[in-house]
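# Architecture and fold: a report
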Amino acid sequence: MLEFKGPSLPKTDKKNKQIIEPVVIAENLIIQSVRDYNFENKIIASDTVLLQQLRQLTLSFKNIWKIENLQGLEKLEKLQLDNNIIQKIENIGHLVHLQWLDLSFNAIAEIQGLDTLILHYSITQITTLKGLDNCRKLNVFSIGNNKIPSFEIITTYFSKEKGIRFKNLQVLNVAGNPFTKEKESEYKNHIINQLPNLRYIDYQFIDENQRNQIRESDEKFRSDQVSQDEYLKHLEGIEEDEKKRAEEMRKMKSANMDLVEDLIDELIKDEELEKVKILKGVEEEIVKFQEKIKETVENLQKLVIAKNGQKLVAIDKFEQAVRQREAQSERETIETLRKFEHTKKLAFRAKDDYEHFKKNNNDRDSADAQRRFEAAKRSWRDGLEKLREQTFLLKDNLLYIEHQIMVDIESSIQNFDSNQLSTVAKEIQELVSGDHGFRKIGEAVKEFGTKLLDIAKTEFDRYVAAQSNPNGNQDVSEWDDENGLFENKETLLASVGNIKENLSTKAVNKESSITIKVDKDIKALTTSYRERQYERNRKNVVQIHKQIEEYRKLIDEKLEASDEESDG
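### As for the overall build of the chain
Tallying secondary structure elements over the chain gives eleven helices and 13 strands in all. Counting contacts in the chain only where the partners sit at least 6 residues apart, residues at least 24 apart contribute 64% of the total.

### Description of the nonpolar core
Met257, Phe289 and Phe438 are the most contacted members of the largest nonpolar core, which has 53 residues in total. If you list the elements that add at least two residues to this core, you get helix 6 (263–268), helix 8 (282–360), helix 9 (367–433), helix 10 (438–468) and helix 11 (489–567). At eleven residues, helix 8 tops the list of elements feeding residues into this core. The residues contacting Phe289, other than those within four sequence positions of it, are Leu267, Ile268, Ala444, Val445, Phe448 and Leu503. Ranked by size, the runner-up nonpolar core spans 26 residues in total, among them Ile111, Phe166, Phe179 and Ile201.

### Some words on the environment of Lys446
Checked against the element boundaries, Lys446 lands in helix 10. Accessibility expressed as a relative area gives 53% for Lys446, which makes it exposed. The spatial distance from the C-alpha of Lys446 to the C-alpha of Ser504 is 7.9 Å, given a sequence separation of 58 residues.

### Focus on helix 1 (residues 27–40)
When the terminal C-alpha atoms of helix 1 are compared, their 20 Å separation across 14 residues agrees well with the 20 Å that a helix rising 1.5 Å per residue should span. For helix 1, the complete set of buried residues consists of Glu27, Leu29, Ile30, Ile31, Ser33, Val34 and Asn38.

### Quick word on a negative patch on the surface
There is a patch of like negative charges on the surface, built from Glu261, Asp262, Asp265, Glu295 and Glu298. Position of Asp262 among the secondary structure elements: in the loop between helix 5 (228–254) and helix 6. The partly exposed category is assigned to Asp262, whose relative accessible area is 45%.

### Here's the deal with the packing of aromatic side chains
Per the counting criterion, the structure on display carries six aromatic pairs. Measuring from ring centre to ring centre gives 4.4 Å for Phe318 and Phe416, while their planes differ by 5 degrees; the resulting arrangement is stacked. Here Phe318, found in helix 8, pairs with Phe416, found in helix 9; they are 98 residues apart in sequence, far enough to count as distant. There is no split in this pair, since Phe318 and Phe416 are both buried. Relative to Tyr529, the ring of Phe318 lies with its centre 5.0 Å away and its plane at 50 degrees, an arrangement referred to as tilted. On the criterion of sequence distance, the pair formed by Phe318 in helix 8 and Tyr529 in helix 11 is long-range, its members being 211 residues apart. Judged by relative accessible area, Phe318 falls into the buried class, the value being 10%. When its relative accessible area of 11% is taken as the criterion, Tyr529 is described as buried. Clustering of aromatic rings is evident, with ring pairs tying together Phe318, Phe416 and Tyr529.

### Observations concerning the confidence of the model for the chain
Interpreting fine coordinate detail is not advised for predicted regions of low pLDDT. Averaged over the chain, the pLDDT score is 81; the fraction of residues at 70 or greater is 80%. The model gives residues 6–12 a pLDDT under 50, and that stretch makes 24 contacts with residues more than four places away or in other chains.

### Digging into unusual backbone geometry
Where the residue is not glycine, phi is negative for most of them; where a peptide bond is considered, it is trans in most cases. Here the phi dihedral of Asn69 falls at roughly 60 degrees; this positive angle occurs in a residue that is not glycine. Within the secondary structure, Asn69 is located in the loop between strand 6 (64–66) and strand 7 (78–80). For Asn69, a relative accessible area of 38% translates into the label partly exposed. With a phi angle near 55 degrees, Asn83 is a residue other than glycine that sits in the positive phi range.

The rules we used
- Residues numbered from 1 in each chain as written.
- Predicted model: local features only at pLDDT ≥ 70, side-chain atom pairs only at ≥ 80, totals over all residues.
- Heavy atoms only, no water.
- Helix = DSSP H or I, 4+ residues; strand = E, 2+ residues; numbered from the N terminus.
- Contact = heavy atoms within 4.5 Å.
- Core = buried A, V, L, I, M, F, W, Y, C linked by side-chain atoms within 4.5 Å.
- Buried < 20%, exposed > 50% of the residue type's maximum accessible area, 1.4 Å probe, protein only.
- Expected span 1.5 Å × (residues − 1).
- Patch = residues over 30% accessible without salt bridge, like charges linked within 9 Å, V, L, I, M, F, W, Y side chains within 5 Å.
- Areas by Shrake-Rupley, 256 points an atom, 1.4 Å probe, with all protein chains shown as cover.
- Salt bridge = Lys/Arg side-chain N within 4 Å of Asp/Glu carboxyl O.
- Lys, Arg positive; Asp, Glu negative; His and termini not counted.
- Charge placed at Lys NZ, Arg CZ, Asp CG, Glu CD.
- Phe/Tyr/Trp six-rings, centres within 6.5 Å; stacked < 30°, edge-to-face > 60°.
- pLDDT = per-residue confidence, 0-100.

Next up, the structure:
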């Protein structure tokens with residue numbers, strides 16, 4: 001859900017007359033917020049917070065001024081950042097699983113940075129609508145209590161003319177904006193009529209009968225006689241067509257075959273070629289050349305896209321294997337922590353048992369009782385000291401688990417790069433450069449250049465013959481020689497030769513750009529894998545160190561309490 005409500009900026013603590021300092025989102029703030037949330041909602045959870053597994057995060061009323069440092073939280077489904085002093089929506093594009101974002105009661109005046117999101121959301125301070133065009137999954141949109149001046153801004157932005165862009169929008173809240181203050185039914189009627197897919201307006205249900213009554217009540221609405229079911233069916237057809245086109249384009253770009261999409265136009269866009277179009281037969285040869293290039297390009301695209309599909313399958317299998325290895329590592333970490341938590345629980349319980357034993361022993365003042373008390377005390381103190389020693393082993397075990405996954409995944413990346421990615425990349429480059437690709441295009445360019453040269457020779461000879469025999473059948477005006485092509489035969493032939501060289505150079509450059517891009521894509525892919533693992537490792541190592549320190553601090557507090565008791 002996305003909500004945008006009126007501002008409430010926590011700048012000053014009015015009670016204590018103190019300026020409240022802006023807060024930055026940091027790992028310790030996230031961890032503490034998770035623990036506070038679990039405590040407030042009586043959720044029983046381990047002291048250890050695994051950030052990479054976090055599904056929900058509440059950071060309300062924290063005086064946060066900027067959205068940042070959310071890397072590694074890709075599994076987040078709900079993020080609450082309401083009642084802060086945030087001014088800009090940013091740094092959340094990687095949270096692809098996010099379904100609920102609350103940015104209400106901040107200082108946000110413009111919707112942006114939501115291109116890959118969202119199902120539901122809420123903001124503040126908005127005067128117009130923009131930045132939502134790519135939010136195809138937008139389901140609930142609450143923009144109540146803002147500063148939107150007219151309902152036309154709403155109806156124009158979300159209108160049915162936008163096609164499937166806002167197909168999933170079913171709940172719209174606009175209550176509290178200036179245009180809702182007067183003539184409530186008027187703005188609702190316009191919005192209900194213009195958005196056939198809408199089911200709730202200001203959280204009130206809309207049925208089809210209500211929509212029909214609105215259309216019957218006013219002449220200006222009667223031209224929009226389309227039922228919700230009809231509209232949604234129409235959108236489904238459009239959506240299916242768009243999906244097919246989008247999938248084709250996705251495959252094209254993934255295989256870098258979008259780079260040859262305009263190759264024909266790029267080749268024939270040549271000043272010298274434009275000049276020789278006056279030569280008889282050149283236009284026909286250009287058409288034939290274009291047809292050959294088009295056929296070659298289409299065939300090349302099919303072959304490369306198919307080969308690239310093999311690469312995508314390999315990538316999917318590799319990434320799945322990495323996720324499985326990460327899951328295995330997480331299970332090992334959780335099991336290691338669980339065993340230690342169990343040992344810690346027993347050690348801490350021993351002190352409680354000692355206190356209970358001491359309190360309920362009626363013979364506590366006898367020498368024998370004192371000896372038993374001291375023995376029991378030494379027993380649980382020894383247990384705590386032993387537990388503290390075990391934190392060193394726990395740290396080593398956790399770091400070993402983390403080290404081992406880094407070694408395994410790095411080895412997998414190297415094998416994947418050398419044995420699969422590089423092989424497929426080479427095969428793609430061979431297709432691009434070979435007989436089905438630019439080698440064939442180069443032959444077509446050569447043939448085209450030869451044809452142009454033959455035409456130039458023939459036309460120049462005809463032009464000279466017509467000039468030498470003005471009373472003959474040839475009319476010199478047939479050659480509209482504004483560019484002086486027929487002043488000199490060598491100049492004309494050189495100009496035609498330049499056309500061939502220009503086209504060849506363009507083809508070679510295009511071939512080179514594609515093969516280089518194929519290499520760059522492979523390197524970028526393996527680099528991204530490594531960077532992701534380094535970032536995951538960095539966060540996990542930091543978290544391990546913090547967790548061990550927390551354990552030791554807790555144990556030391558128990559031991560210090562025992563020492564104070566002894567001194568007493």
